[in-house]
Amino acid sequence: MTEAFAVVFVLALLAVTVLLLRRHGLPRLATRGSREIETIERLRLGPNHTLHLVRVGGQRLLVATHNSGCTLLTNAAVEEHHQ
């Protein structure tokens, strides 16, 4: 009986882990300055519509994703802040 409980517990723990990873994604492993393309911020507008603020090289892009694909809304030069 305890072995069956252990199997059920491990499967439930695995299911919760998979759900959390789907909802929040995997943590970033790279440092902030090591990528040429970086997501700055993301805003969900609805189940199938999201705004993404992305840094690509020296540009900041605002991109909308939707059922039909994605649309570039605006781009602007990135102002670097040195600390």
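Now for a quick tour of the structure. (Residues numbered from 1 in each chain as written. Predicted model: local features only at pLDDT ≥ 70, side-chain atom pairs only at ≥ 80, totals over all residues. Heavy atoms only, no water.)

### Describing the overall build of the chain
Consideration 1: Counting secondary structure elements, the chain contains one helix and four strands.
Consideration 2: Sequence separation of 24 or more characterises 0% of the internal contacts of the chain that already satisfy a separation of 6 or more.
Consideration 3: Here the chain displays about 7,400 Å² of accessible surface, and carbon together with sulfur accounts for 61% of that area. (Helix = DSSP H or I, 4+ residues; strand = E, 2+ residues; numbered from the N terminus. Contact = heavy atoms within 4.5 Å. Areas by Shrake-Rupley, 256 points an atom, 1.4 Å probe, with all protein chains shown as cover.)

### Quick word on the pairing of strand β1 (residues 37-46)
Consideration 1: Counting buried positions along β1 gives one out of 10 residues, so the element sits mostly on the surface.
Consideration 2: Pairing geometry for β1 and strand β2 (residues 49-56), over eight bridges, is antiparallel. Each bridged residue has a counterpart across the sheet, and for Ile37 the counterpart in β2 is Val56.
Consideration 3: Linking β1 to β2, which pair antiparallel, is a turn of two residues. (Buried < 20%, exposed > 50% of the residue type's maximum accessible area, 1.4 Å probe, protein only. Pairing = 2+ DSSP bridges.)

Geometric descriptors of this kind do not, in isolation, establish any biological role.
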